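Structural overview
Listed here are the chains, written in short residue letters.
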Amino acid sequence: MNVVVVESPAKAKTINKYLGDGYTVLASYGHVRDLPAKDGSVRPDEDFAMSWEVEDRAEKRVRDIVQALKGAKALFLATDPDREGEAISWHLAKVLDERKALKGIPVKRVVFNEVTKTAVLEAFQNARELNGELVDAYMARRALDYLVGFTLSPVLWRKLPGSRSAGRVQSVALRLICEREAEIEVFRPREYWSVESTFKTGPGATFSARLTHLDGQKLDKFDLANEAAATNAVDAVTSEPGYAVAKLEHRQVRRHPQPPFTTSTLQQEASRKLGFTTSRTMQIAQRLYEGIDLGGETVGLITYMRTDGVALSVDAVTAARRLIDRDYGPQYVPGAPRQYKAIAKNAQEAHEAIRPTDMFRHPSQVVSVLDSDQLRLYELIWKRTVACQMESAVMDQVTADINGASGRVTFRATGSVVRFDGFLKLYQEGRDDDADDDENRRLPPLSEREALNRLDVRPDQHFTEPPPRYTEASLVKKLEELGIGRPSTYSSIIQVLQDREYVVLEKKRFTPQDRGRLVTAFLENFFERYVQYSFTADLENLLDEISGGRADWKQVLRQFWDHFSLAVAGTKELTITQVLDALDTELGPHFFPEDGSGRDPRVCPSCAAGRLSLKLGKFGAFIGCSNYPECRFTRPLAVEGQGDGEAASPGDMGPRVLGNDPVTNLPVSVRKGPYGSYIQLGEAAVEGEKPKRVSLPKGMKPQDVLLEPALGLLSLPRDIGTHPETGDMIIAGIGKFGPYIKLGKTFKSISPDDDVLTIGINRAVSLLAEPSKGGRAAPTPLKTLGEHPVDQAPVQVFKGRYGPYVAHDGVYASLPRDADPETFPLDKALELLAVQKAKPKTGKSRSSSKAAPKKAAPKAKAAKAEDGTATAVAKKAPAKKAAPKKVAAKKPAAKKVASA
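Residues numbered from 1 in each chain as written. Predicted model: local features only at pLDDT ≥ 70, side-chain atom pairs only at ≥ 80, totals over all residues. Heavy atoms only, no water.

Turning to the packing of helix H8 (residues 263-274) against helix H13 (residues 487-499), a few remarks are in order. Remark: H8 packs on H13, axes separated minimally by 7 Å, with the N-to-C direction vectors making an angle of 45°. Classified by the angle between their axes, H8 and H13 sit oblique to one another. Across from Thr263, Ser264 and Gln267 in H8, the residues of H13 making contact are Pro487, Ser488, Tyr490 and Ser491. The residue inventory of the contact of H8 with H13, partitioned by class, reads two nonpolar, five polar and no charged. (Axes fitted to C-alpha atoms, helices over the stretch in contact; angles between N-to-C directions. Helix = DSSP H or I, 4+ residues; strand = E, 2+ residues; numbered from the N terminus. Parallel < 35°, antiparallel > 145°, perpendicular 65-115°, else oblique. Contact = heavy atoms within 4.5 Å. Nonpolar A, V, L, I, M, F, W, Y, C, P; charged D, E, K, R; others polar.)

Right, here's the structure in full:
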């Protein structure tokens, strides 16, 4: 018996069918070990020795593999065909060797680019040894990311409270977004005008043309700078007695198809055309690669989706040309096959481009076996691949110059005609942003000296626009152009930036949050070299040199660490004041912009004497007055007039006296607190009692509050009236969750359409009579895995707050972190449910398995970011996911193995 290890259970099941009874195929579920999330896992002082630890979730997988190897003839490591896949195989071999499971058993590496029977069987016939150079490149990358994350993030925590983490590639991507936002903020629109006319030919055809010359001079973009200049141009146009075609230029151009997809271009195009996030694109592509059930046989529909290569195999090119000839005709087949070469700065190993495994498997043939998103992505890949081998499109471009009779004015009209559509018959690449384009404009037949009739003149006002914010597609494109990171990690990098609340994705474009801008400003001031685009790209080049055997990985680490450790050491004596002064200088124009009124935006609106600047507190940065503690004015770290509406004007943030309460004669004021704005009666505590306060209802802006409604809020809770059936008093008030009405022990929230100060008895009784929602709606299962063998009740997968889980008869069990809910097997689900059901009860329901475990003592930790970089997590940051509480028998202690 031969043992085969792949990464995913879906792939394991498929490959087991291809190989037959002589093989046992198991899944590692990705990496089985990693650097422990604590200081010292990479030790520069010991020549970059690294300690590895088998992860808890992987321990069972390793034991299963060890058990399967007893009596085995050979071990085949068939993880993915890239550096990460090579590293997973290397880790497996090391762990199994440490556990004495490989005595006399040969270990072979198997790689295949597509999960098809032919490709898999051929790969097993050409098994090879592990590639040490690829492993070295992985070791260098992992060490670099760990050292940056574990060294830089604690500096951020100490010097910039409220910051989350910093990563080698993550920080550079964040800088791109912040720099683009800074460009937008300093941008000042510039006015310009254009003049267009509609002309009519003798046969009656009409077309538009733009004024390009006035008084014999060519008009540049800003020559018509205002309405007066445009009006003068219009007068010159209308004064011409007649117009005629002065010059015609015909030019034939050929447009060539784009190369087949790489990881990066697939992410970009799926974002533009399908609206998918990068992570969603990769998730669907993974499913298409691992295999879909086609008539009882699981077949991979596309080749490996993590690649920088644009080459296609000879078989694929031949099949594409045959398909094109059959379905579109011989005129669409170019004379010679098209060959493409990667232009990315850091193209990885010579992988094939992303393509269908079978060119003749038309999207219409898999409609019944794919969901809508899978079908759309497969169709996109299929069309791009086939189109890349089609004939070029031929365009006739026409340019016509139209002169006035006096020669004072000249118009120009351009247009294109598609003479042969070529690849455009099947596919046309999308764009990140709209652009002026005459490509689809058509001109009627024209001839030189042909007289034309001018119908109208249209002066149009324009303003220059700032550079657009990055979309996911344009950010991925920019990162790849700069040679930063790997396309296979872009989706996780983008997700980390959002999870850390450094950026927000609004209307499909990234806007940096103030927290993200602070981190970027800090790094640019004190670690400038390490967020430079060229520095990060040069590191990627060095990693490529390592994978090619042209550089020593430890020497690369030494060169990096010598400089980086000195930079970190230089911040030890850095004071918070120095940090604040640097950030205040860097970000002052952002947080205190000039509004054109001549008012100094730095003057404190409360005391009118202090200067506003950045401050740091326990929970992060804010803006405060220099006259503290005499003046306690503060406002959130945001630009005035932006955000939640509570910073709309300077006076809104400080105490604003509305008047006096007619009963107590105490002042009534609106104030800003750490949890929002509120109304206060009185100035300070009286005989140890705090002044009465009440929060502003949601939607009530502090700058709009007047004395009368403030007094009404202070009078809450108030009696509305007695209930006609029970005779009990109905009360209205504002609580922790907003305005409410209460009858006995029954509470009902008041809708935004109702006013807590004016709601009457009839409306209150009506609200109380409405049926309760009864909590949240029952969750919708993601998938039904099958029937439970005991009671034939369905076993289903659900998406929970802390990740996917399986459920059956009131028992709930979390799926492993790297499990795919779409392909999780029933037998594994039954195992999870059985283990969960067997756990002793602790006074809580079995469903409480998803509750968060008790927090351990605060300790600086670092978590591996989704992009593979070690990014530190603040001491008090809540866990993103809560692990099920472990009460079963203890597992064997995680084994560590040090590697030089």
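Let us now look at the sheet that holds strand E27 (residues 729-735). Taken together, the four strands give an open sheet; going across it, the order is E26-E27-E28-E29, and neighbouring strands pair in antiparallel fashion. Looking at which strands have only one partner, the edges of the open sheet turn out to be strand E26 (718-722) and strand E29 (746-749). Across the sheet, the mean angle separating the axes of adjacent strands is 30° when strand polarity is ignored. Across six bridges, E27 lies against strand E28 (residues 738-743) in antiparallel orientation. Across the sheet, residue Ile731 finds its bridge partner in E28, namely Lys742. (Pairing = 2+ DSSP bridges.)

Once that is clear, we can look at the packing of helix H6 (residues 170-186) against H13. Interhelical geometry of H6 versus H13 gives an angle of 70° and a closest axis separation of 10 Å. Considering their axes alone, H6 and H13 lie roughly perpendicular with respect to each other. Contacts between H6 and H13 involve Gln170, Ala173, Leu174 and Ile177 from the first element and Ile493, Val496 and Leu497 from the second. Looking at side-chain class alone, the contact of H6 with H13 contains six nonpolar, one polar and no charged residues.

Moving on, we get to unusual backbone geometry. In this structure, Pro629 follows Tyr628 across a cis peptide bond, with omega equal to 10°. Inspection of the secondary structure assignment puts Pro629 in the loop between strand E20 (620-625) and strand E21 (634-635). The omega angle of the peptide bond from Leu716 to Pro717 is -5°, so this bond is cis rather than trans. Structurally, Pro717 is set in the loop between helix H18 (707-714) and E26.

As summarised here, the arrangement of the four strands in space is E22-E23-E24-E25, forming an open sheet in which the pairing is antiparallel. Two strands bound the open sheet, and with one partner strand each, they are strand E22 (656-660) and strand E25 (692-695). Averaged over all neighbouring strand pairs, the angle between strand axes comes to 25°, with direction disregarded. Alignment of strand E23 (residues 667-673) against strand E24 (residues 676-681), held across six bridges, turns out to be antiparallel. Paired with Val668 across the strands is Leu681, a residue of E24.

For the rest of this paragraph, the subject is helix H16 (residues 553-569). Between its first and last C-alpha atoms H16 spans 24 Å; for 17 residues at 1.5 Å apiece the expected length is 24 Å, and the two agree. Taken as a whole, H16 carries its principal kink of about 25° at Trp561. Listing the buried residues of H16 in full gives Trp553, Lys554, Val556, Leu557, Phe560, Trp561, Phe564 and Val568. Buried-residue contacts for H16 involve strand E5 (49-54), helix H5 (132-159) and helix H15 (533-547). (Expected span 1.5 Å × (residues − 1). Bend = angle between axes of the 7 residues up to and from the residue. Buried < 20%, exposed > 50% of the residue type's maximum accessible area, 1.4 Å probe, protein only.)

Between its first and last C-alpha, H13 extends 19 Å over 13 residues, near the 18 Å set by a 1.5 Å rise per residue. Of all the positions in H13, only Pro487, Thr489, Tyr490, Ser491, Ser492, Ile493, Ile494, Val496 and Leu497 are classed as buried. Where H13 is buried, its residues touch H6, H8, helix H9 (278-290), helix H12 (472-482), strand E17 (503-506) and strand E18 (509-512). One or two positions beyond H13, positive phi appears at Glu501, with a value near 60°.

The next subject is the pairing of strand E6 (residues 74-77). Covered by surrounding structure in E6 are Ala74 and Phe76 together with Leu75 and Leu77, the residues of both alternating faces. Here strand E1 (residues 2-6) pairs with E6 via four bridges, running parallel. Paired with Val4 across the bridge in E6 is Phe76. Both E6 and strand E7 (residues 107-109) contribute to a ladder of three bridges, which runs parallel. Looking at the pairing, Phe76 lines up with Lys108 of E7. The parallel pair E6 and E7, bridged by helix H3 (residues 83-98), forms a crossover whose chirality is right-handed. (Right-handed = clockwise from strand over helix to strand, strands pointing away.)

Summed over all chains, the structure comprises 25 aromatic pairs. Between the aromatic rings of Tyr530 and Phe535, the centroid separation amounts to 5.1 Å while the plane-to-plane angle is 85°, which identifies the pairing as edge-to-face. An aromatic cluster is defined as three or more aromatic residues linked by ring pairs; in this entry it consists of Tyr530, Phe535, Phe560, Trp561 and Phe564. We note Arg175 situated over the ring of Tyr533; from NZ or CZ to the ring centre the distance is 4.6 Å. Here Arg190 stacks its cationic end above the ring of Phe222, 3.8 Å away from the centre of that ring. (Phe/Tyr/Trp six-rings, centres within 6.5 Å; stacked < 30°, edge-to-face > 60°. Lys NZ or Arg CZ within 6 Å of the ring centre and 35° of its normal.)

In terms of residue burial, E23 counts as a mostly covered element, since six of its seven residues are buried. In this structure, E22 lies alongside E23, joined through four bridges in antiparallel fashion. What sits directly across from Val657, in E23, is Ser669. Count of turn residues in the E22/E23 antiparallel hairpin: six residues, of which Asn665 carries a positive phi of about 65°.

No statement about biological role is implied by the geometric values presented.
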